[in-house]
Amino acid sequence: MLGECGMKARDRQALKKNSVQLLKDMVVDELLIQILQADDVLTEGMAETILNEPISFKRSSRLLLILPKRGPRAFSSFCTALRGTEQQHLCKLLMSFRDQESSSTEIEGDISFKQDSTSAKKRFCDSTLPLPTQECAVPAKRTHTQESMEMCLDVDSPGTTAVQPCTPEFYLSHCAQAYPMCSSPRGLALVVSNVRFEPKLSELDTRRGGEVDEEVLRRLFFELDFTVSVHKDLTVQAMRGCIEQFVQRPEHAVSDCCAVCLLSHGVEGSIYGIDGQLLELDWVFESFDNAHCPMLQNKPKMFFIQACRGEEMDGGVDQLDGDDQTQTSGCEQRDAGRDEKSEIQRAVREENESGRLRVKLPQRSDMICGFATLKGFSTAAMRNTKKGSWFIQELNAAVRQRARDTHLSDILVQVNGQIKEREGYAPGSAHHRCKEMSEFTSSLCKDLYLFPKYCPSN
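What you see is a predicted model, and the numbers here were worked out from it, not measured in a lab.

### Quick look at helix 10 (residues 210-223)
Compared with the 20 Å implied by 1.5 Å per residue over 14 residues, the 20 Å span of helix 10 between its first and last C-alpha is a close match. When we look at burial in helix 10, the residues that qualify are G210, D213, E214, V216, L217, L220 and F221. Positioned one or two residues after helix 10, D225 has a phi angle of 70 degrees, which is positive.

This is how it looks when you write it as C-alpha cells:
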C-alpha cells in the first residue's frame, strides 16, 4: 500500500480494473479538471498538460496515469468530479467495484454522493476559476439561470506564438496575383467587443472570456502591422457611430486593407448591443461597400463576426479612383443610316465632352468575412471563459503560423477544419457532447496575402 503520497490500494485497483470503460466513455472537460484543481488533486501544470492533449482518449489516459500518485483523497475527488460533470454512471461503476472488493470491511474515507456533490457544487460556484460557456443560446436572449448549462470542452486550445514572417522570396513569387500589401501600417483594424450587458435593458449574460478575445485580436493585428482600435461594451447607437467614424478615417486612403472584428451575442443576421438592441450586419457591410467607403475601393476588407448574412440586387456605382478607374467603352454601337447623322454627331460630341467612360464596380466587392457558426442553423458559438472563443483561438493560431505563406481564404479553410474537430460539453445532449462549425464568405478578386513583417522597398 502506498503512503500518504499515493492513492490507497483498493482505489488504485478500482481505477485499474475499470480503465478500459473509463477510457471509452469518460469525457475529460475543463469543468472536471477544475473540480480536481479546487480539491488540490491537480496542479495548474498538470491541468494544462491534460487539457493540451489533442484527443479525448489521450486526455483520459493521462489523467488516469496521474491520479494514483495524487494522494489518498484523489479517488474521492475524482468520483465527485464525475458526478459534477453528469457522468454518474462511471462514478457508480468505480464505487460498486470498490465496495465489492472491501465488502467485509468498513471502508474509511467512503464518500457520500449527495454530500460531496452538494459541497462540490458549492465549492465550484464559489470558486473564482472561470467556466466555459456558449457564445449564445437559442433564443439568443436568455436568463442567467441557464448559464450553468452552457459549458464547453476546451481541451485543444492553441498556444500563442509570434507571427511568422514572410520571406522576400515568397513575396516576389506571389505578389503579382495578390492584392497590393506594401503599406506600413497595412491598414486600420477595428475591434468592437460587447462583454457586459446592461441588466435593466437586456437579459443577455456577461460574455465571460470576451476580454480574452479582445486582447488576442489586438495583439494579432498589432503584430501584423495594423493600427488597432478596441471599443468595449457599446449600445447599438454607439456601435453605429463607432463604425461610421471608422469608415470615414482618412488613413484608409493610404492603407492597403482594413479589418473589422465584432464580438457579441447575436442572432442570424444581427448582433446585440449592450442595451439588448440588434445591429444588422448587412448595414455593417453596406458601410464598407464601394459606394459608402470609396477610400477602400479595390482594397480587401476583412470581417470576423459571429452572425449571418443576406443578399440584395446590385445596381452598380461609379469607380472613383485607382489605376483602372476608366477605360474605353466596350459597348457595341448600332449601324446608323444617313438619316441618323445628327444622332451620331451628338454621340460623338458627348463622348468628347465626357472623355473615357468610368469603369463600373459592383456595389459590394473585395470582402471576406469569417463567421463562428453556420448560416441558418441557429447554432451556438463556443467560448471558453479563460481562453476565449473557439473561433478566435483558431483564427489567431492559424494566422500566426500560416500567414507567411498562405492567403486568407485558405487560412479560413484551415480554421474550419480545426473547429470541426473540436467538441463541446452540453449536459442533456447525447453523451453530453456538442459541436460547432465555422464558415466564411468571400467576394475577394485576388489572393489576399498579408505578407507579415515584410516591407518591400519602393
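### Structural notes on the pattern of salt bridges
Between side chains of opposite charge, a pair can form as their charged atoms come close. Taken as a whole, this structure holds 11 salt bridges when the rule is applied. Residues R196 and E211 are paired through a salt bridge, measuring 2.8 Å at the closest nitrogen-oxygen approach. Of the two residues, R196 is situated in the loop between strand 2 (187-193) and helix 10 and E211 in helix 10; the sequence distance between them amounts to 15 residues. Among the salt bridges present, the one from E394 reaches R422, with a minimum N-O distance of 2.9 Å. One end of the pair, E394, is in helix 14 (residues 390-402); the other, R422, is in the loop between helix 15 (408-421) and strand 16 (424-425), with 28 residues separating them in the sequence. A relative accessible area of 1% means that R422 is categorised as buried. Each of E215, R218 and R219 takes part in salt bridges that share partners, so that together they form one network.

### Here's the deal with the nonpolar core
Ranked by internal contacts, the top residues of the largest apolar core, which has 43 residues, are F221, M302, F304 and L448. Secondary structure elements with two or more residues in this core: helix 9 (168-174), strand 2, helix 10, strand 4 (257-263), strand 8 (301-305), helix 14 and helix 15. In terms of residues, this core owes the most to one element, helix 14, which gives 6 residues. The residues contacting F221, other than those within four sequence positions of it, are A189, F226, V228, A259, C261 and F304.

### A word on unusual backbone geometry
Note that the residue after S184, namely P185, is joined by a cis bond; omega there is 5 degrees. On the secondary structure map, P185 appears in the loop between helix 9 and strand 2. Its identity is not glycine, yet D225 carries a phi of approximately 70 degrees, on the positive side. Residue placement: D225 occurs in the loop between helix 10 and strand 3 (226-232). Of the residues examined, D225 reaches a relative accessible area of 28% and is grouped as partly exposed. The phi angle at D233 is positive, at roughly 50 degrees, despite the residue not being glycine. Residue placement: D233 occurs in the loop between strand 3 and helix 11 (236-247). On the basis of relative accessibility, which here comes to 24%, the residue D233 falls in the partly exposed class.

### A closer look at the packing of aromatic side chains
For the coordinates displayed, the defined rule picks out 10 aromatic pairs. Aromatic side chains F221 and F226 sit 5.3 Å apart centroid to centroid with 80 degrees between the ring planes, which places their arrangement in the edge-to-face category. Residue F221 is classed as buried on the basis of its relative accessible area of 3%. Ring pairing ties together the aromatic residues F170, Y171, Y449, F451 and Y454, which thus form one cluster. The residue whose ring lies beneath R240 is W283, and the NZ or CZ to ring-centre distance is 4.5 Å.

### Structural notes on the pairing of strand 3
The pairing of strand 2 with strand 3 spans 7 bridges and is parallel. The residue of strand 3 that forms the bridge with A189 is V228. Considered for its hand, the β-α-β crossover made up of strand 2, helix 10 and strand 3 is right-handed.

### Details of helix 6 (residues 74-84)
The periodicity of an α-helix, 3.6 residues per turn, causes residues three or four positions apart to be oriented the same way. With respect to burial, helix 6 is a largely interior element, 10 of its 11 residues being buried. Inspection of helix 6 places A74, F75, S76, S77, F78, C79, T80, A81, L82 and R83 among the buried residues, and these make up the whole buried set. E86, located one to two residues past helix 6, shows a positive phi value of around 65 degrees.

### Comments concerning the side chain of S438
Along the polypeptide, S438 turns up in the loop between strand 17 (433-434) and strand 18 (439-442). Assessed through its relative accessible area of 1%, S438 is described here as buried. Within the structure, S438 has its side chain in polar contact with the side chain of N416 (distance 2.6 Å). If we ignore the near neighbours within four places in the chain, the residues touching S438 are F371, A372, T373, L374, F391, V415, N416 and I419.

What counts and how
- Residues numbered from 1 in each chain as written.
- Predicted model: local features only at pLDDT ≥ 70, side-chain atom pairs only at ≥ 80, totals over all residues.
- Heavy atoms only, no water.
- Helix = DSSP H or I, 4+ residues; strand = E, 2+ residues; numbered from the N terminus.
- Expected span 1.5 Å × (residues − 1).
- Buried < 20%, exposed > 50% of the residue type's maximum accessible area, 1.4 Å probe, protein only.
- Salt bridge = Lys/Arg side-chain N within 4 Å of Asp/Glu carboxyl O.
- Core = buried A, V, L, I, M, F, W, Y, C linked by side-chain atoms within 4.5 Å.
- Contact = heavy atoms within 4.5 Å.
- Phe/Tyr/Trp six-rings, centres within 6.5 Å; stacked < 30°, edge-to-face > 60°.
- Lys NZ or Arg CZ within 6 Å of the ring centre and 35° of its normal.
- Pairing = 2+ DSSP bridges.
- Right-handed = clockwise from strand over helix to strand, strands pointing away.
- Polar contact = N/O pair within 3.5 Å; in protein donor to acceptor, adjacent residues only side chain to side chain.

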